[in-house]
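Structural characterization, general
In case you want the letters, here they are:
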Amino acid sequence: MPISTRIFEKKKVSVGSVRLENGETLSQVEVAVEAAGREPEADGSNIVLVCHALTGDAHAVGDQEQPGWWDGLIGPGKSIDTNLYHVLTLNVLGGCGGTTGPASTNPATGQPYGTDFPVVSIRDMVSVQKRCLEKLGIRRVEMVIGGSMGGMLVLEWGILYPTFARKLVPIATAAALTPTAIAFNDIGRQAILTDPGYQQGSYYPGSGPVQGLAVARMMAMVTYRTPQLFEKRFSRNLQSGRSVIQPDSLFQVESYLRHQGKKLVQRFDANSYLYLLKAMDTHDLGRNRGGVETALAAIEAEVLVVGIREDQLFPVQQQRELYTLLKNLGKKCELLEISSEYGHDAFLVEYEKTGPRIRQFLDQGLNGAGIERRIS
Ligand SMILES: CC(=O)SCCNC(=O)CCNC(=O)[C@H](O)C(C)(C)COP(=O)(O)OP(=O)(O)OC[C@H]1O[C@@H](n2cnc3c(N)ncnc32)[C@H](O)[C@@H]1OP(=O)(O)O
Ligand SMILES: N[C@@H](CCO)C(=O)O
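Predicted model only: the values in this text are computed from it and were never measured.

**Considering the pairing of strand S1 (residues 7–19)**
Two strands pair when backbone bridges link them, and S1 and strand S2 (residues 25–37) are joined in this way by 11 bridges, in the antiparallel orientation. Bridged to Ser 14 within S2 is Glu 30. The hairpin formed by S1 and S2 contains five residues between the paired strands, and Gly 23 there has a positive phi angle of roughly 95 degrees.

Written as structure tokens, this is what we have:
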């Protein structure tokens, strides 16, 4: 397949004023969009919409400048084959990857929003994405896929706009967070809020609560991985390699987590982190819909639910529940369970385990009837 059939495009789409679930209005909303792959078909039959997780962004597919965070799954000849499909990824509302968020300028004051930014929900994120895609002339897509917070958006897409996507792939996600996941989120939140650099959220253009955000990431990384992985990678080894007990001796696992904390601080805004955590905590598919089962009843798309047995943050029982509810509602659905020492982060790493089934689902759906592959 010649590379010339592929496109890479980055743009900002203005969607105007947005009325949020909490009743507030956000004006002059912009959405950062990246597109990669083939030209889109008018009927959307080769379009895949990707929804990113907490610290992801619109750069799911790598280009000549930078690798993408889902390059293992998406690309020429890969499971989501950019020689065949047009892949769209949108940074979420409240994020810090180009879409309007707390670091954006508040048109009413000319200053960054900070904590004047309104509370946004997962449903708000999806309705803003819908507006954005309408502006781009896209009314239907073949598949919506995403993991973790992205999976929450995927299910909301299926419920809010049942005819928008023919297929949904929610990965390592849930109808609502467990209290334990909310507890982890709050530890991260408190680390940020109690950092003197936070300054009630008005730290721009300064660097802000870098220590708090780094600690939040360190803690979160423990929930994203597994004890088995840490045992295998680090065991009880010291970073220096010395076995002598020193006051400043540093275990490899400590060094690794500190490195991960520093890495996040360089690429993520603390206020966005807080707003997105809140959106995840407050998300509930069943809210104001008569419960989760009634909410899921609206879905018309085929659904491939993917769960990771070692996921500490979104236990696999949550994906089993989603699948069972969908099945009992008579929906076309399947549950793919994988095992991985990466735990929750497996959706960003274990492409050999998830990719083949995702590819088959995208190309053929669940009944195996098959859609025509567009190979030129
Ligand atoms: C491809 C991209 O650009 S992704 C960037 C955007 N990120 C996102 O969108 C969020 C989704 N991505 C992620 O969460 C992650 O990138 C993942 C899950 C895909 C992979 O995680 P990674 O952190 O890259 O992998 P891993 O856990 O193996 O850590 C490797 C890093 O730890 C460092 N490290 C390993 N052991 C140690 C140690 N003992 N002490 C200090 N640092 C260590 C490595 O040097 C490496 O550092 P680098 O990333 O600066 O090169
Ligand atoms: N590693 C993922 C975990 C959250 O799902 C992220 O940073 O977004």
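Still more to cover.
**Topic: the site of ligand 1**
Near ligand 1 there are 18 residues, and of these Arg 225, Ser 255, Tyr 256, His 259 and Lys 263 occur at the shortest range. Within the side chain of Gln 239, a nitrogen or oxygen atom sits 3.0 Å from a nitrogen atom of ligand 1. Take Gln 252: an N or O atom from its main chain is 3.4 Å from a nitrogen atom of ligand 1. Isolated, ligand 1 exposes 1000 Å² of accessible area, and the fraction of that covered by the protein chains is 63%. Broken down by element, the shell around ligand 1 gets its largest block of residues, seven residues, from helix H6 (residues 252–267). Counting contributing residues per domain, the shell around ligand 1 is built from domain 1 (3–179 + 281–375) and domain 2 (181–274), each supplying no fewer than three.

**A word on the environment of Glu 24**
As for its placement among the helices and strands, Glu 24 is situated in the loop between S1 and S2. Glu 24 sits in the partly exposed class, given a relative accessible area of 39%. Glu 24 sits 93 residues away from Phe 117 along the chain, and the two C-alpha atoms are 10 Å apart. The contacts of Glu 24, once residues within four sequence positions are left out, are Val 18, Arg 19 and Pro 118.

Thresholds, definitions, all that
- Residues numbered from 1 in each chain as written.
- Chains lettered and ligands numbered in written order.
- Predicted model: local features only at pLDDT ≥ 70, side-chain atom pairs only at ≥ 80, totals over all residues.
- Heavy atoms only, no water.
- Pairing = 2+ DSSP bridges.
- Helix = DSSP H or I, 4+ residues; strand = E, 2+ residues; numbered from the N terminus.
- Near = heavy atom within 4 Å.
- Polar contact = N/O pair within 3.5 Å; in protein donor to acceptor, adjacent residues only side chain to side chain.
- Areas by Shrake-Rupley, 256 points an atom, 1.4 Å probe, with all protein chains shown as cover.
- Domains from an automatic or database assignment.
- Buried < 20%, exposed > 50% of the residue type's maximum accessible area, 1.4 Å probe, protein only.
- Contact = heavy atoms within 4.5 Å.

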